[in-house]
Amino acid sequence: MKSSNVMTALVDIFISPSKAFNGLKEAKGWSFVAFILLAGILAASMFAFYNKADPQFLIDQQVAAAVDATIAEQKMIRQSMEQTIDMQVWFAMFGSIIGLAIINALMAGYYLFVSKQDPEANYGYGAWYGFGVWAMMPLVIYYLGVLVLVLTASTNQISQTLMSYSSINQLLIGLEIGHPLYTLLESLNIFSIWSILIAAIGLKSWTNFTFNKALLFAALPSIVIYGIWTVIALV
């Protein structure tokens, strides 16, 4: 079975990913619509956050997070942030969207590379770029969560840790700023794990891989990145 149009695919990617990926094989323009949706919700959440958050509180929070900086370095950080605080919303919006596009470009090359293990998987780079966009769709739910948390906050003193509301650290571990693994566990969240599972289902749909093999290939980039990060943090 496969999704019949882009709107059903946008639902299926969350409840029946294989249907969405089966429909994507022959679709035209679906991935562009998906990326526009993701970018739009990302931009809305960033705009809402920086429009509501107290700028001075954000600066204080970020300076305090520089636990290894000297007093002089913290002063320089504060001065630098005060000069660019009005532009932070635009840096966050466009920087995040461009960042997603670049990361997906790298992942598309990776998917193309691993797909060569299946001689029957004759999809080009552009197809795999679209595949990567759909694998990232859990980020739509993540950014909707950020938007809801911002809009329902009872104060404008909102910490940037709100952005990590779904992190493994905040949900399970509870490490404090300054711990060697704090940043790593703040960046690892349930939505990235969800994306890996969706990518695995997609790889199985587009290739002759078993699910275990597809899951290994989908998770491998994260395993390598977080593995190296862990070693560096603990050494």
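Residues numbered from 1 in each chain as written. Predicted model: local features only at pLDDT ≥ 70, side-chain atom pairs only at ≥ 80, totals over all residues. Heavy atoms only, no water.

**Regarding the overall build of the protein chain**
Quick note on the threshold: Secondary structure counts use DSSP, requiring at least four H or I residues in a row for a helix and at least two E residues in a row for a strand, with both numbered from the N terminus. Partly exposed describes any residue whose relative accessible area lies between the buried limit of under 20% and the exposed limit of over 50%, with all areas from a 1.4 Å probe on protein chains only and scaled to the type maximum. Contact definition: two residues touch when any of their heavy atoms are within 4.5 Å. Accessible surface is estimated by sampling points in the Shrake-Rupley manner with a 1.4 Å probe; for residues, cover comes only from the protein chains shown.
Each helix and strand counted, the protein chain has 12 helices and zero strands in total. Secondary structure elements of the protein chain, listed N to C terminal, follow the sequence α-α-α-α-α-α-α-α-α-α-α-α. Expressed along its principal axes, the backbone C-alpha trace of the protein chain runs to roughly 60 × 40 × 30 Å. Within the protein chain, the proportion of its 235 residues that are buried is 42%. Within the protein chain, residue pairs in contact and separated by at least 24 positions form 64% of the contacts whose partners lie at least 6 positions apart. About 12600 Å² of surface is accessible on the protein chain, with carbon and sulfur atoms providing 67% of the total.

**Digging into helix H6 (residues 88–115)**
In an α-helix, one full turn covers 3.6 residues, which means residues spaced three or four apart are oriented alike. Where we set the bar: To estimate how far a helix should reach, multiply one less than its number of residues by 1.5 Å.
Over its 28 residues, H6 runs 39 Å from end to end, which matches the ideal 40 Å to within 8%, given 1.5 Å per residue. Within H6 the residues assigned to the buried category are Gln-88, Val-89, Ala-92, Met-93, Ile-97, Leu-100, Asn-104, Ala-108, Tyr-110, Tyr-111, Val-114 and Ser-115.

**What about the packing of aromatic side chains?**
Given two aromatic rings, their pairing is described by the distance between the two centres and the angle made by the two planes. For the record, the criterion: Only Phe, Tyr and Trp rings take part, Trp by its six-membered ring, and two of them pair if their centres are within 6.5 Å. Stacked means planes under 30 degrees apart, edge-to-face means over 60, and tilted covers everything else.
A full pass over the atoms with the stated rule returns 20 aromatic pairs. Centroid distance Tyr-165 to Phe-191: 6.3 Å. Interplanar angle 65°. Geometry classified as edge-to-face. Here Tyr-165, found in the loop between helix H8 (138–152) and helix H9 (168–173), pairs with Phe-191, found in helix H11 (residues 190–206); they are 26 residues apart in sequence, far enough to count as distant. Residues Tyr-226 and Trp-229 carry aromatic rings whose centres are separated by 5.7 Å and whose planes lie at 15° to one another, so their mutual orientation is stacked. Separated by three residues within a single helix, Tyr-226 and Trp-229 lie in helix H12 (residues 211–234), roughly one turn from each other.

**Observations concerning the pattern of salt bridges**
Between side chains of opposite charge, a pair can form as their charged atoms come close. Note the threshold: Here, a salt bridge means any side-chain nitrogen of Lys or Arg that lies within 4 Å of a carboxyl oxygen of Asp or Glu.
On inspection of all chains with the given rule, the structure shows one salt bridge. Put simply, Lys-2 and Glu-26 hold a salt bridge, and the shortest N to O gap is 3.5 Å. One end of the pair, Lys-2, is in the segment before helix H1 (6–15); the other, Glu-26, is in the loop between helix H2 (17–24) and helix H3 (30–52), and 24 residues separate them in sequence. On the basis of relative accessible area, Lys-2 is assigned to the partly exposed category, the value being 47%. The class of Glu-26 is exposed, set by a relative accessible area of 63%.

**So, the packing of H1 against H2**
Test applied: All axes here are fitted lines through C-alpha atoms, helices being fitted over the stretch that makes contact, and every angle between N-to-C directions spans 0 to 180 degrees. Every angle not falling under 35 degrees, over 145, or within 65 to 115 is termed oblique; those three ranges are roughly parallel, roughly antiparallel and roughly perpendicular. When residues are grouped by polarity, Ala, Val, Leu, Ile, Met, Phe, Trp, Tyr, Cys and Pro land in nonpolar, Asp, Glu, Lys and Arg in charged, and all others, Gly among them, in polar.
Running from N to C, H1 and H2 cross one another at 140°; their axes reach a closest spacing of 6 Å. Classified by the angle their axes make, H1 and H2 are oblique. Side by side, H1 and H2 meet where Ala-9, Asp-12, Ile-13 and Ile-15 of the first sit next to Pro-17, Lys-19, Ala-20 and Phe-21 of the second. Taken together, the residues of the contact of H1 with H2 sort by class into six nonpolar, no polar and two charged.

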